[in-house]
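Architecture and fold: a report
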Amino acid sequence: MIYFIAILCVVGIATGQILFKLSAASLQRTGSFFDPSTIFIIFWALALYGITTIAWIWVLQKIELGKAYPLMALAFVLVPIGSHFFLGERFQLQYFIGVALIVSGIAVALKT
């Protein structure tokens, strides 16, 4: 259960990053932080980060930081995937090589 919540935290952080990118695009488009669409996206990004932070603190109460933190590296996998689907960004071969290295590193770090 703890690792499930930790994975949800990683997904929340990755989603927050996509929302921050969308808020940056909205800010560039509108030119104002006070535009309703920009505020809306920033609000949800910050709210998600806040909830995720509280959940992460709970996770850290239950397991060692050295066991939990390698899971955060999954954000480096999820953010580009989200940017592909939600922002239309393209993958490079280096991305797939990097993902393989990250996932391998996580597996090594979490092996007990």
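The text that follows walks through the structure, step by step, so that each part is easy to find. (Residues numbered from 1 in each chain as written. Predicted model: local features only at pLDDT ≥ 70, side-chain atom pairs only at ≥ 80, totals over all residues. Heavy atoms only, no water.)

1. A word on the overall build of the protein chain
Assigned secondary structure in the protein chain consists of five helices and zero strands. Ordered by position from N to C terminus, the α and β elements of the protein chain give α-α-α-α-α. Along the first, second and third principal axes, the C-alpha set of the protein chain runs to 50 × 35 × 15 Å. Out of the 112 residues belonging to the protein chain, those deemed buried represent 28%. Contacts in the protein chain between residues at least 24 apart in sequence constitute 68% of all its contacts with a sequence separation of at least 6. (Helix = DSSP H or I, 4+ residues; strand = E, 2+ residues; numbered from the N terminus. Buried < 20%, exposed > 50% of the residue type's maximum accessible area, 1.4 Å probe, protein only. Contact = heavy atoms within 4.5 Å.)

2. Some thoughts on the packing of helix H1 (residues 2–30) against helix H2 (residues 36–62)
Packed helices, taken two at a time, are described by the angle between their axes plus the distance between the axes. Viewed as axis vectors pointing N to C, H1 and H2 meet at an angle of 160 degrees, and their least axial separation amounts to 8 Å. Between H1 and H2, the angle falls in the class roughly antiparallel. The interaxial crossing formed by H1 with H2 has left-handed handedness. A class-by-class count of the residues in the contact of H1 with H2 yields 20 nonpolar, 10 polar and two charged. (Axes fitted to C-alpha atoms, helices over the stretch in contact; angles between N-to-C directions. Parallel < 35°, antiparallel > 145°, perpendicular 65-115°, else oblique. Left-handed = near helix turned anticlockwise from the far one by under 90°. Nonpolar A, V, L, I, M, F, W, Y, C, P; charged D, E, K, R; others polar.)

3. Overview of the packing of H1 against helix H3 (residues 65–72)
Look at H1 against H3: their axes get within 9 Å of each other, and the N-to-C directions meet at 40 degrees. In this view, H1 runs oblique relative to H3, as classed from their interaxial angle. Crossing hand, H1 versus H3: right-handed. Counting all contacts with H1, which are made through Tyr3, Ala6, Ile7, Cys9, Val10 and Ile13, the residues of H3 involved are Lys67, Leu71 and Met72. Among the residues forming the contact of H1 with H3, the class breakdown is eight nonpolar, no polar and one charged.

4. Comments concerning the packing of aromatic side chains
Summed over all chains, the structure comprises six aromatic pairs. Ring centres of phenylalanine 20 and tyrosine 49 lie 5.1 Å apart, and the angle between their planes is 65 degrees; this geometry places the pair in the edge-to-face category. One end of the pair, phenylalanine 20, is in helix H1; the other, tyrosine 49, is in helix H2, and 29 residues separate them in sequence. Given the relative accessible area of 21%, tyrosine 49 is considered partly exposed. The interplanar angle of 20 degrees and the centroid separation of 4.6 Å between the aromatic rings of phenylalanine 91 and tyrosine 95 together place this pair among those described as stacked. Through successive ring pairs, a cluster of aromatic residues spans Phe40, Phe43 and Trp44. (Phe/Tyr/Trp six-rings, centres within 6.5 Å; stacked < 30°, edge-to-face > 60°.)

5. A word on helix H5 (residues 93–110)
Over its 18 residues, H5 extends 26 Å from the first C-alpha to the last, a length consistent with the 26 Å expected when each residue adds 1.5 Å. Residues of H5 that are buried: Tyr95, Val99 and Ile106. Within H5, the buried residues cover an arc of 40 degrees as seen down the axis, which keeps them to one side. More than 90 degrees from the buried face of H5, the exposed residues found are Leu93, Gln94, Leu101 and Val108. Buried positions along H5 lie against H3 and helix H4 (75–87). (Expected span 1.5 Å × (residues − 1). Arc of directions from axis to C-beta.)

6. With respect to the nonpolar core
Residues Trp56, Val59 and Met72 are the most contacted members of the largest nonpolar core, which totals 14 residues. Mapped by element, the contributors of at least two residues to this core are H1, H2 and H3. Broken down by element, this core gets its largest block of residues, six residues, from H1. (Core = buried A, V, L, I, M, F, W, Y, C linked by side-chain atoms within 4.5 Å.)

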